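If you want the building blocks of each chain, they are given just below.
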Amino acid sequence: MTHKVFIVEDEKNIAEVMQMYLQAEGLQTRVFHDGNAVVEAVKNEAPSLMLLDLMLPGKDGLSICQELRAFSELYIIMTTARVEEVDRLLGLDTGADDYVCKPYSARELTARVRAVLRRLDGKLTAAGPSLKVDEAGLSLSFGGQTVVLTALEFRLFNLLYSQPNRIYSRSQILDMLYSDFRVLSDRTVDSHIRNLRKKLAGLNTEQEMIRSIYGLGYRFEG
C-alpha cells in the first residue's frame, strides 16, 4: 500500500525538506502552506498521516485538528516552534496523536512517520501475540509470560496504555496518580516509570512499550 502524507507547513523551506525525505521513502505527499483547504482535502483524498503546524495562515492547526476529529481517525503529528506551546497542548483535548518541537531533525521525523505507517499496515503485530491486561489481578500477559504490578504501577501503566502515543507530562501523571494532589517531585514519576519498565521487560515484547520524550514526558508505544 502506498501511503499519502499531508505536510501542512507555512515555512516553505521546512515543507520542501520534509517532502524530499518522505518522497525518498516512496510516500506520496501533498503540501499546504495555509490551513484553509486542509479539511476538505482530507475528506477527498483520505491521507494516512498528517504533519500539521500549529501556527498557520488562515485556519490554525488546533482548529484543523479539532475539525478532523469529528469525522477522521487520521494520524496527526502536530509541530510547534515553542516548548511552552506543547505544554499547553498537552493539557487540551486537541486530538493530535503526537507533538514535535521545532527545530526538529527531518531524518528523525521521517523515521517516526515510517514507524507509524508500519503500524497502520499491521506489519509489526500481524499474527503475533497480543498484550492481555487483567485489571482484577493487576497483571499483564504477553506471549505466555505474565508480570504482576503494584496498584500504583498498574494505574500508571493503564493511564499511558489507554491512549497510545499521547504524551503525558510528569505533572499530569502525578495529578492523575495521586488524587489528593500532594506535592511530589518529578523524580517520583521517573522512579515509578523505571520500576514499571523493569517489570515490563519480563514480558519479552522485543520493544520498549513506554518511551521517554525528552523534555516533555512519557507515552505508550505498543
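Values in this document were obtained by computation on a predicted structure and should not be read as measured data. (Residues numbered from 1 in each chain as written. Predicted model: local features only at pLDDT ≥ 70, side-chain atom pairs only at ≥ 80, totals over all residues. Heavy atoms only, no water.)

**Student:** Help me understand the nonpolar core, please; the structure alone is not making it clear to me.
**Tutor:** Side chains that are nonpolar tend, in soluble globular proteins, to be buried together. Membership of the largest hydrophobic core comes to 25 residues, with the highest contact counts inside it found for L131, L140, F157, I173, L200 and L203. Elements with a contribution of two residues or more to this core: β7 (139-142), α6 (151-161), α7 (170-177), α8 (186-200) and β10 (217-220). Here this core takes 6 residues from α6, the largest share from any one element. Residue contacts for F157: discarding those within four places in its chain leaves L131, V133, L140, L149, L196, L200 and F220. (Core = buried A, V, L, I, M, F, W, Y, C linked by side-chain atoms within 4.5 Å. Buried < 20%, exposed > 50% of the residue type's maximum accessible area, 1.4 Å probe, protein only. Helix = DSSP H or I, 4+ residues; strand = E, 2+ residues; numbered from the N terminus. Contact = heavy atoms within 4.5 Å.)

**Student:** Explanation requested: empty space enclosed by the protein in the structure shown.
**Tutor:** Gaps left between atoms are located by rolling a probe of water-molecule size over the structure's atoms. Applying the stated criterion to the full structure yields 1 cavity of 30 Å³ or more. Roughly 30 Å³ of internal volume is contained in the largest cavity. (1 Å grid on protein atoms, 1.4 Å probe; cavity = no way out; pocket = protein on both sides within 12 Å on 5 of 7 lines; lining within 4 Å. Points joined across faces, edges and corners; volume = space filled by probe spheres on them.)

**Student:** Hey, could you run me through the pattern of salt bridges in this one?
**Tutor:** Opposite charge on two side chains makes pairing possible when the charged atoms of those side chains draw close. Considering all chains together, one arrives at 14 salt bridges under this definition. Two residues, K4 and E45, come together in a salt bridge whose shortest N-O distance is 2.8 Å. Here E45 lies in helix α2 (residues 38-45) and K4 lies in strand β1 (residues 4-8), a separation of 41 residues in the sequence. Residue E45 is classed as partly exposed on the basis of its relative accessible area, which comes to 27%. Residues joined by salt bridges that share partners form a network here, namely E9, E11, D53 and K102. (Salt bridge = Lys/Arg side-chain N within 4 Å of Asp/Glu carboxyl O.)

**Student:** Just to check I follow, could you spell out the sheet that holds strand β6 (residues 132-134) for this structure?
**Tutor:** Hydrogen bonds along the backbone pair up the strands of a sheet, which may run parallel or antiparallel. One open sheet accounts for 3 strands, arranged β6-β7-β8; its pairing is antiparallel. Edge positions in the open sheet fall to β6 and β8 (145-148), since each of these has one partner strand only. In this sheet, neighbouring strand axes are inclined to one another by 15° on average, regardless of whether the strands run parallel or antiparallel. Strand contacts of α6: β6 and β7, with the helix running at about 135° to β6, the strand carrying the most contacts. (Pairing = 2+ DSSP bridges. Axes fitted to C-alpha atoms, helices over the stretch in contact; angles between N-to-C directions.)

**Student:** What should I look at first to understand the environment of G217 in this one?
**Tutor:** Relative to the helices and strands, G217 is located in strand β10. Taking relative accessible area as the criterion, G217 reaches 2% and is therefore assigned buried. It is 4.3 Å that separates the C-alpha atoms of G217 and S169, two residues lying 48 residues apart in sequence. Residues contacting G217, with those up to four places away along its chain left out, are I167, Y168, S169, R170, R211 and S212.

**Student:** Explain the sheet that holds strand β4 (residues 75-80) here, please?
**Tutor:** Read from one edge to the other, the open sheet built from 5 strands follows the order β2-β1-β3-β4-β5, with strand pairing classed as parallel. Two strands close off the open sheet at either side, each with one partner strand: β2 (28-32) and β5 (98-101). Adjacent strand axes in the sheet meet at a mean angle of 20°, parallel and antiparallel pairs treated alike. Relative to β4, strand β3 (residues 49-53) runs parallel, the two sharing 5 bridges. Bridge pairing in β4 places L52 opposite M78.

**Student:** Is there a simple way to explain the environment of M78 in this structure?
**Tutor:** Position of M78 relative to the elements: it lies in strand β4. Looking at M78, the relative accessible area reads 1%, which means it is buried. In this structure the C-alpha to C-alpha distance between M78 and L51, which are 27 residues apart in sequence, comes to 5.9 Å.

**Student:** Before we go on, may I ask you to explain the packing of helix α1 (residues 12-24) against helix α5 (residues 106-121) in this structure?
**Tutor:** It is the contact of α1 with α5, at a shortest axis distance of 10 Å, that shows an interaxial angle of 50°. The angle between α1 and α5 falls in the class oblique. Between α1 and α5 lies a crossing whose hand is right-handed. The residues of α5 that touch α1, namely those facing V17, M18, Y21 and L22, are A106, R107, L109, T110 and V113. Across the contact of α1 with α5, the residue classes break down as 7 nonpolar, 1 polar and 1 charged. (Parallel < 35°, antiparallel > 145°, perpendicular 65-115°, else oblique. Left-handed = near helix turned anticlockwise from the far one by under 90°. Nonpolar A, V, L, I, M, F, W, Y, C, P; charged D, E, K, R; others polar.)

**Student:** Would you explain the pairing of β1 in this entry?
**Tutor:** Regular strands have side chains that alternate between both faces of the sheet. Most of β1 sits inside the fold, with 4 of its 5 residues counted as buried. When β1 meets β2, the two strands line up parallel, connected through 5 bridges. Within β2, the residue paired with F6 across the bridge is R30. Regarding the hand of the β-α-β motif, the stretch spanning β1, α1 and β2 is right-handed. Relative to β3, β1 runs parallel, the two sharing 4 bridges. The residue of β3 that forms the bridge with F6 is M50. (Right-handed = clockwise from strand over helix to strand, strands pointing away.)

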